[in-house]
Amino acid sequence: MPVPLIEILSILTVLIPLLSIILLGISRYDSLIGWIIKTLLAASLVLFAYSAGTWAFLTYYLRYVMMALFLIIFARAYFKVRGLPFFGKKESGIKTGILFFILSVLIILDAAVIKSHFYPGEAVELSFPLKKGVYYVLQGGDSPVTNFFHRANPAQRYALDLVKLNRFGNRAGGLSPKSLTEYSIFGDTIYSPCECIVTKAADGFPDQVPHNVDTKNPAGNHVAMECKGNRVFIAHMINGSLMVKQGDHIKDGQEIGKVGNSGNTIEPHLHIHAERKNGEPVPILFNGSFLSLNDTFCNQFTLYCH
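Described below are features of the structure shown in this document. (Residues numbered from 1 in each chain as written. Predicted model: local features only at pLDDT ≥ 70, side-chain atom pairs only at ≥ 80, totals over all residues. Heavy atoms only, no water.)

### Some words on the pattern of salt bridges
Evaluation of the coordinates by the stated rule reveals 8 salt bridges. Between D142 and K115 there is a salt bridge; the shortest N-O distance is 3.5 Å. Linking D142 in the loop between β2 (134-139) and β3 (160-165) with K115 in helix α4 (residues 93-115), this pair joins segments that are 27 residues apart in sequence. Residue class for D142 comes out buried when judged on its relative accessible area of 2%. The class for K115 is partly exposed, based on a relative accessible area of 42%. The partner of D142 in a salt bridge is R157, with the nearest N and O atoms 2.7 Å apart. Of this pair, D142 sits in the loop between β2 and β3 while R157 sits in the loop between β2 and β3, placing them 15 residues apart in sequence. Look at R157 and you get partly exposed, because its relative accessible area is 29%. A single network of salt bridges, built from pairs that share partners, joins K115, D142, R151 and R157. (Salt bridge = Lys/Arg side-chain N within 4 Å of Asp/Glu carboxyl O. Helix = DSSP H or I, 4+ residues; strand = E, 2+ residues; numbered from the N terminus. Buried < 20%, exposed > 50% of the residue type's maximum accessible area, 1.4 Å probe, protein only.)

### Focus on the nonpolar core
Residues L126, L130, I272 and F286 are the most contacted members of the largest nonpolar core, which totals 32 residues. Elements supplying a minimum of two residues to this core: β1 (124-126), β2, β3, β5 (196-202), β6 (221-227), β7 (230-237), β10 (270-275) and β12 (284-286). The residues touching L130, leaving out its near neighbours within four places in the chain, are Y135, L162, I185, D188, T189, I190, V259, L270 and N299. The next biggest cluster of nonpolar side chains, apart from the first, holds 27 residues, and it includes V46, W55, F57 and I73. (Core = buried A, V, L, I, M, F, W, Y, C linked by side-chain atoms within 4.5 Å. Contact = heavy atoms within 4.5 Å.)

See below:
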């Protein structure tokens, strides 16, 4: 995801639902149906932004502010329209039809985000591979809306990209810093998610400057392991940080390396996915939870913990 796209998505995540909330609050209504349609439109936009927006690029706290603002404006508007007739004399059939079409599209998108939290078939329960903070799902879940970039590879259908949030609810010291050390997750120790045998351990690939990518070596420095009858892959580790080698029998929770920015990655994060020996993707559970975009996994108390 190029830097301009990150900036655009971050702005749209806030701007579009905010505009819908403002319009809900300042619009004049002559019927309940007009208010209901605009309320549903605003609610659908806010729900989509809340669930699928790029909040970690600004601050995760903003999603709660956005939801609270919508509820306040909704309550204020409700008390203004009580007593109005259900249909107004000035209702336009064409305008109402267009609004219903937009609403239908938003409902489909919201349904896709909700679906992303569910998975078919049998999942594998793993230990969370990071232990020192609040971790955020940058991509994940069973939907192209929440896990778009992984869907190109069928084996990575349920893959997760994880970053770490700082005390401001951001994953870095800025929107798109160029220094690797500005990213909270860079250098975090990675722990084995299960008792397993290492089947591959690749090291020696350089850590990329943020937003430069190594497409020839997409996984970068990585570890593959046989775990509970499945293959588990952990990728994008720091050059020279691997603590295991092929053939090692390692314990659940054993240190295996550190989070870096090697391979086909625009910024430091941990990639993890599981698959069967035939390449079929396997959903991953952490503490019984199937994580999707905007979910968090915490090793400390915080407001925004999953």
